[in-house]
Amino acid sequence: MAQTIKLCILSAFVMLNASVLSGCAQLSTTTSNGYETLFGNKHDSKDETNDSLSNNASTKHKTPSYASELDKAPASIYNFKDDTFAGPEYYDNLWDRIRDNMQLERDISQPRVIAQINWYKRHPKYFVRISQRAEKYMYHVVQEIEERGLPAELALLPIVESAYDPFAYSHGRASGLWQFIPSTGRYFNLKQDWWYDGRRDIISSTDAALTYLENLNKRFDNDWLLALSAYNAGGGNVSKAMRKNRKRNRATDFWSLSLPRETSAYAPKIVALAELLANPEKYDMVWPYVPNQPFFKVMEIDSQIDLAQAADMAEIEIDELYKLNPAFNQWATHPDGPHRILVPLEKHDVFTENFAALDNKQRVHWKRYKIRSGDSLITIAKKFRTTPQVIREVNNVRNNMIRAGKTLLIPTSSRDMDEYTLSAIQRLNKRQSRSPGNGRHKSSYAVKSGDSFWTISRKYGVGVRELAKWNQMAPTDPLKINQKLVIWTKAPKTQKNGQKVIRKVGYKVRRGDSLARIASKFSVSVGDIKRWNPKADSKYIHPGQSITLYVDVTKLN
């Protein structure tokens, strides 16, 4: 307490304000961690310093004379900003909070950093989109980072990984805000199945990512640039590059290593973002406002619930619920948990009230289904958008044996599946319907035994990566027999080229037709017909079937 009195007297002397001296006894409060702060509740009066700082993002810290008295306080407890003692709640803008807690050194003389800074400067709209997405999730990310005492720059990592889009999916099979690949996700206990993908769970994936980063930082002796590179390329690849340099008597810092191209640019992107955030005026950079306040509340539930019902109880659109709970692939939460959902903070009370009034048996709808001859648990599960395991558990069926005439109780969605617009199937439908442009023609293809992305792409003259992207997959994802793929092929345009005039023609198959006969009639090849009409096959075409042709009308008789 003696220390506090001395500090108060010093403050009074500097400010030459007798009222401050007389109120010193009231200025000392004790935090939950046992540290004394130098002012009372900051919300009791308007702090003009706050306003001036919020309008000047590049204001530097002025270390006050009493800083040494707080050397033992955790970094997350205080920040000095123009002689003002402040905790995380002090900030109005979340970007300011990140800026004032950054720890990494920034070597902005590195060409790779300069290149990234220049790219970001040329794309200001990119930061508008990121800030809009980040508003839902970044407060939670920053809170978790500060609780672990980690560098605030880690909150910038999801910008590089996913642009703060929890539905992001890469060509390398990485998913979620933090872009975990399946194997790494499983290593960190992120469950992945038909119902749920923990890599997209805001709570679980953030915890796993920060744990992973902490482990990597320890592995590389607190060198965060190496840890970040390992997060991107894997610790083994970074260690291998370091071993190579040691054998050649070269330095083993990040800038000296020979790493894959993507990884070489990865850490520089984060350094560049940190530099732009630290000195926005220097780069004529505007960081759109993101409120420094929680966006969501975690609601614990004890069983599966229909997401449409949950949205109704929170009085929000189902899309908004999915954006806060992107891990749920289907129309409901996972039967086996996690039994929690995130709702907007301002909807916490209304959800709590409505949820309490809902009977447990009404959380999902149930349908009685009479088993028919030829049915199996797999076919029934597909019909009702559930899994055989769920049907077995609900009906106490020990194996896959079912009998025609018996009745099964099956959980079903309360609304038409089209209304669950951000479920996995609806996201896929939306992606497959999005034309890549360039006059491409949409075709559908059923996967056959022995097919791969490579063989299908060769058959239709498209790229492997773009074929996977059209179907919201990665090139290394496994294909299933009868799986439906969308293919956007390059169809000949209606144009005049010399004496050729190409037209799109709809042809109805007649009795006696074959693909060879139709090809000969229109001066095209059988391969062209198959490419334009994936379902057209000489074994299956029949009278009355419609097919599409692109023909040179000048050659028609």
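Refer to the structure presented above.
Now for a quick tour of the structure. Since the structure is predicted, the reported quantities are computational estimates derived from the model, not experimental observations. (Residues numbered from 1 in each chain as written. Predicted model: local features only at pLDDT ≥ 70, side-chain atom pairs only at ≥ 80, totals over all residues. Heavy atoms only, no water.)

### What about a positive patch on the surface?
Phase 1: Taken together, the side chains of R219, K240, R243, K244, R246, K247, R248 and R250 define a basic patch exposed on the protein surface.
Phase 2: For the positive patch, the element with the most residues is helix α12 (residues 235-247), which contributes five residues.
Phase 3: Relative to the helices and strands, R243 resides in helix α12. (Patch = residues over 30% accessible without salt bridge, like charges linked within 9 Å, V, L, I, M, F, W, Y side chains within 5 Å. Areas by Shrake-Rupley, 256 points an atom, 1.4 Å probe, with all protein chains shown as cover. Salt bridge = Lys/Arg side-chain N within 4 Å of Asp/Glu carboxyl O. Lys, Arg positive; Asp, Glu negative; His and termini not counted. Charge placed at Lys NZ, Arg CZ, Asp CG, Glu CD. Helix = DSSP H or I, 4+ residues; strand = E, 2+ residues; numbered from the N terminus.)

### Examining the side chain of S131
Phase 1: Looking at where S131 falls in the secondary structure, it is placed in helix α7 (residues 124-148).
Phase 2: Within polar-contact distance, the side chain of S131 engages the backbone oxygen of F127 at 2.8 Å.
Phase 3: For S131, the contacting residues outside a window of four places in its chain are W95, P288 and V290. (Polar contact = N/O pair within 3.5 Å; in protein donor to acceptor, adjacent residues only side chain to side chain. Contact = heavy atoms within 4.5 Å.)

### Here's the deal with the pattern of salt bridges
Phase 1: In this structure the tally under the stated criterion is 15 salt bridges.
Phase 2: With its nearest N and O atoms 2.6 Å apart, the salt bridge here joins R97 to E146. Here E146 lies in helix α7 and R97 lies in helix α5 (residues 94-99), a separation of 49 residues in the sequence.
Phase 3: The buried category is assigned to R97, whose relative accessible area is 1%. (Buried < 20%, exposed > 50% of the residue type's maximum accessible area, 1.4 Å probe, protein only.)

### Some remarks on the nonpolar core
Phase 1: One finds Y164, W178 and Y231 to be the most contacted residues of the largest nonpolar core, which totals 74 residues.
Phase 2: Discounting chain neighbours no more than four positions away, the residues touching Y231 are L157, E161, W178, F180, A209, Y212, L213, L216 and Y266.
Phase 3: Among the nonpolar cores identified, the runner-up in size contains 30 residues, and L307, A308, M313 and L422 belong to it. (Core = buried A, V, L, I, M, F, W, Y, C linked by side-chain atoms within 4.5 Å.)

### With respect to the side chain of D197
Phase 1: By secondary structure assignment, the location of D197 is in the loop between α9 (182-187) and α10 (202-219).
Phase 2: Of note is the side chain of D197, whose polar atom sits 2.9 Å from the side chain of R199.
Phase 3: Excluding anything up to four places from it in sequence, D197 contacts S175, K191, Q192, A327 and N329.

### Looking at helix α16 (residues 348-356)
The periodicity of an α-helix, 3.6 residues per turn, causes residues three or four places apart in sequence to face the same way.
Phase 1: Along α16, the positions that sit buried rather than exposed are V350, F351 and F355. Viewed end-on, α16 has its buried residues packed into an arc of 125 degrees, placing them on one side of the element. What points out from α16, more than 90 degrees from its buried face, is the exposed set D349, E353 and A356.
Phase 2: Where α16 is buried, its residues meet β5 (296-300), α14 (307-314) and β6 (340-344). (Arc of directions from axis to C-beta.)

### Notes on the environment of P475
Phase 1: Checked against the element boundaries, P475 lands in the loop between α21 (464-470) and β10 (484-490).
Phase 2: Expressed as a C-alpha distance, the spacing of P475 and R173, which sit 302 residues apart in the sequence, is 8.2 Å.
Phase 3: Non-local contacts of P475, meaning those with residues more than four positions away in its chain, are made with H171, F453, V464, R465 and A468.

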